[in-house]
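Examining the three-dimensional arrangement
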Amino acid sequence: MIYTLTLNPSIDYIVHVDNLELGKVNRTSHDEKFPGGKGINVSRVLSNLGVSNVSLGFIGGFTGDYIENTLKNLGINTDFIKVSQDTRINVKLKSNEETEINGAGPEIAKEDLNKLLLKFDSLKEGDILVLAGSIQKTLPKDLYLKIQKQVSKKGVKVVVDTSGEALIEAIKNKPFLIKPNNHEIEEVFNVKINTLDELVQYGKKLVDMGAENVIISMAGDGALLITSEGVFIGNAPKGEVKNSVGAGDSLVGGFLAKYSETKDIIKSFKNGIASGSASAFSMDLCTKEDVEKLLPIINIKDY
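The name given to the chain in an unreviewed UniProt entry is Tagatose-6-phosphate kinase, with Clostridium fallax as the source organism. As its UniProt record puts it under Pathway (unreviewed entry), the chain is described as follows: "Carbohydrate metabolism; D-tagatose 6-phosphate degradation; D-glyceraldehyde 3-phosphate and glycerone phosphate from D-tagatose 6-phosphate: step 1/2." According to the UniProt record, the Function (unreviewed entry) comment for the chain reads "Catalyzes the ATP-dependent phosphorylation of fructose-l-phosphate to fructose-l,6-bisphosphate."

Turning next to the pairing of strand E10 (residues 157-161). Of all five residues making up E10, four are buried, and the element is well covered by its neighbours. As judged from the five bridges shared by strand E9 (residues 128-132) and E10, these two strands associate in the parallel manner. Across the sheet, the residue bridging to Leu 129 is Val 158, located in E10. You can see the chain leave E9, run along helix H4 (residues 143-152) and come back into E10, and the turn it takes is right-handed. As judged from the two bridges shared by E10 and strand E11 (residues 177-178), these two strands associate in the parallel manner. When the bridges of E11 are listed, Val 159 appears paired with Leu 177. One crossover worth recording links E10 to the parallel E11 by way of helix H5 (residues 164-171), and it is right-handed.

Before going further, it helps to spend a moment on the environment of Leu 206. Here Leu 206 is to be found in helix H7 (residues 196-209). Given the relative accessible area of 1%, Leu 206 is considered buried. Leave out the neighbours within four places in its chain, and Leu 206 touches Ile 171, Ile 178, Pro 180, Ile 185, Phe 189, Ala 211 and Val 214.

Counting across every chain of the model gives one cavity of 30 Å³ or more. When its volume is computed, the largest cavity comes out at roughly 180 Å³. As for the largest cavity, its lining consists of 17 residues, and the residues nearest its centre are Asp 12, Ile 14, Phe 34, Asn 243 and Val 245. Going through the elements one at a time, strand E2 (10-16), strand E3 (30-36), helix H1 (38-48), strand E7 (88-94) and strand E8 (98-101) are the ones with two or more residues in the lining of the largest cavity. It is E3 that provides the largest number of residues to the lining of the largest cavity, a total of three residues.

All right, on to the layout of surface pockets then. To find leftover empty space, one rolls a probe the size of a water molecule over the atoms. There is about 700 Å³ of room inside the largest pocket. As for the largest pocket, its lining consists of 31 residues, and the residues nearest its centre are Ser 217, Ala 219, Ser 244, Ala 247 and Gly 248. Considering every element that reaches the lining of the largest pocket, the biggest residue donor is helix H9 (residues 265-280), with four residues. Partitioning the lining of the largest pocket into residue classes produces eleven nonpolar, 15 polar and five charged. Around the second largest pocket, the lining is made up of 22 residues, and of these Gly 37, Lys 38, Arg 88, Asn 90 and Lys 92 lie nearest the centre. Counting only elements with at least two residues in the lining of the second largest pocket, the list comes to E2, H1 and E7. Per element, the largest residue contribution to the lining of the second largest pocket is three residues, and it comes from E7. Per-class residue counts for the lining of the second largest pocket are four nonpolar, twelve polar and six charged.

How each quantity is defined
- Residues numbered from 1 in each chain as written.
- Predicted model: local features only at pLDDT ≥ 70, side-chain atom pairs only at ≥ 80, totals over all residues.
- Heavy atoms only, no water.
- UniProt positions renumbered as here; feature names shortened; annotations may be inferred.
- Buried < 20%, exposed > 50% of the residue type's maximum accessible area, 1.4 Å probe, protein only.
- Helix = DSSP H or I, 4+ residues; strand = E, 2+ residues; numbered from the N terminus.
- Pairing = 2+ DSSP bridges.
- Right-handed = clockwise from strand over helix to strand, strands pointing away.
- Contact = heavy atoms within 4.5 Å.
- 1 Å grid on protein atoms, 1.4 Å probe; cavity = no way out; pocket = protein on both sides within 12 Å on 5 of 7 lines; lining within 4 Å.
- Points joined across faces, edges and corners; volume = space filled by probe spheres on them.
- Nonpolar A, V, L, I, M, F, W, Y, C, P; charged D, E, K, R; others polar.

Next comes the structure, spelled out in structure tokens:
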């Protein structure tokens, strides 16, 4: 089974205003609401691609109920911890300029964190756990590392998609897969990366530090896969980018969907690129049909 963890989920409230005027009453042309958070996005993509999974994390209040009910209606299994404060709402305002206002999210009590940690005791060998997104300030910075240590001795494969200190801590326990972009790698090593060769060089350092597989997303330039076996590059299909939010999560979801079926890293990498691109070309996350249309266009080569 694949499990995804979203510590700080959200309702993503997307508001379209034709011509925003600050300080005045504005009316929306239309709006949309989606359950948000990196792990939840991975769960939704897995479900769209026909792969069963369980979504874990903290939810609270009427906003948390909305997220849980929406995921269940999409056929996704949920096993959330209910907390006392409301799940956050992130407002994404699309007008002549795009603006985001992200909520802070609820504080997590120690007893609620302990309830979550107990759930990982039921994971077993062959399971995959996706740790995705930032760790809010009320939780330990090394929480992902703590969870990794808890499940890795059981033979669970761990995927980590985060940044900053949380990523550095997570690499220490040899994750199965990490997916930084070039900016996150620059942050880890405190450098400025100017060329593809430099990006590969620092990607190899992440493998040396403990990551089993490193996928570096490069937006319209495709993606890199770096393992102890070699370095591979895949092209990004051409198309109109309608929504970049969730494209990286879709890459992870597409990768895991194929890996759970084939255990083939290269085929999984190709499926990941197709999934990420399909989401970028859509207003919502990718569908199986859209992913399958893009697969023939993607070529994976040795770098």
